[in-house]
Amino acid sequence: MAGIAALEAIYLIKGGINKSSVSSNEKELFNAGSAENFSNGKTYPYLSNQFFLRRFEDGGFLAMSIKCTHLGCVVNQDSKGFACPCHASKFNKYGEVMAAPATRPLDLFPVIIENGEVLIDTTKPFKRTSYLKSQLTYA
Ligand code: FES
């Protein structure tokens, strides 16, 4: 019995620290892990959490919604950014519209870097009209 309780305790502790959702101040924070684990110039899909995490060439992070801003289909990564399989909208690596019918960029989730860990607030994505460098978060 004590062994099972100890295993459960270890499971809960590890789950709480590594790649889990944590409620904090009514936010749902997803811990994607240490910033140093993400290479510059790469996009990492977190489809079950509804976002792509992009680390840009200068080290900045952006978490973009996987949902197309036209009618909400899930976009796919491609060599230039993202493509929607439903009506062919295209987005660049910043999530900006490159081809209609979508008219606005992919929505963003706030990224917070705390103690070197990349946390994404998955409570609610927010809309934007364009990409701005100020949207990036740095370690
Ligand atoms: S839902 Fe993506 S282009 Fe229509």
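Residues numbered from 1 in each chain as written. Predicted model: local features only at pLDDT ≥ 70, side-chain atom pairs only at ≥ 80, totals over all residues. Heavy atoms only, no water.

## Quick look at unusual backbone geometry
Note: most peptide bonds trans; most residues except glycine with negative phi.
Here comes step 1: Backbone torsion omega between Ala100 and Pro101 reads 20°, so that peptide bond is classified as cis.
Here comes step 2: Here Pro101 shows up in the loop between strand E9 (97–99) and strand E10 (108–109).
Here comes step 3: Non-glycine residue Gln50 carries a positive phi angle of around 75°.
Here comes step 4: Looking at the secondary structure, you find Gln50 in the loop between strand E3 (42–46) and strand E4 (51–55). (Helix = DSSP H or I, 4+ residues; strand = E, 2+ residues; numbered from the N terminus.)

## Considerations on the environment of Gly41
Here comes step 1: In this structure, Gly41 sits in the loop between strand E2 (27–34) and E3.
Here comes step 2: Gly41 gets classed as partly exposed once you look at its relative accessible area, which sits at 28%.
Here comes step 3: For the pair Gly41 and Arg55, spaced 14 residues apart in the sequence, the C-alpha separation amounts to 5.7 Å.
Here comes step 4: Setting aside its immediate chain neighbours within four residues, Gly41 contacts Arg54, Arg55, Phe56 and Glu57. (Buried < 20%, exposed > 50% of the residue type's maximum accessible area, 1.4 Å probe, protein only. Contact = heavy atoms within 4.5 Å.)

## Examining the nonpolar core
Here comes step 1: Leu62, Met64, Cys68, Val75, Phe82, Phe91 and Leu106 are the most contacted members of the largest nonpolar core, which has 15 residues in total.
Here comes step 2: The next biggest cluster of nonpolar side chains, apart from the first, holds 13 residues, and it includes Phe30, Ala35, Phe61 and Val118. (Core = buried A, V, L, I, M, F, W, Y, C linked by side-chain atoms within 4.5 Å.)

## Quick look at the environment of Met98
Here comes step 1: Assignment of secondary structure puts Met98 in strand E9.
Here comes step 2: The exposure class of Met98 is exposed, given its relative accessible area of 53%.
Here comes step 3: Sequence-distant contacts of Met98, defined by excluding residues within four places in its chain, comprise Lys90, Phe91 and Asn92.

## Digging into the sheet that holds strand E8 (residues 90–92)
Here comes step 1: Spatially, E6-E7-E8-E9 is the arrangement adopted by the four strands of the open sheet, whose pairing is antiparallel. On the outer flanks of this sheet lie strand E6 (76–77) and E9, each paired with one strand and no other.
Here comes step 2: Pairing geometry for E8 and E9, over two bridges, is antiparallel. Pairing of Phe91 across the sheet is with Val97, part of E9. (Pairing = 2+ DSSP bridges.)

## Re the state of the cysteines
Here comes step 1: Going through the model one piece at a time under the given rule, you end up with one disulfide.
Here comes step 2: Each sulfur in the disulfide pair Cys73 and Cys86 lies 2.0 Å from the other. Taking the sign of the torsion about the S-S bond as the criterion, the disulfide between Cys73 and Cys86, at about -95°, is left-handed. Taken together, the residues Cys73 in the loop between strand E5 (61–65) and E6 and Cys86 in the loop between strand E7 (81–83) and E8 connect sequence positions 13 residues apart. (Disulfide = S-S within 2.5 Å.)

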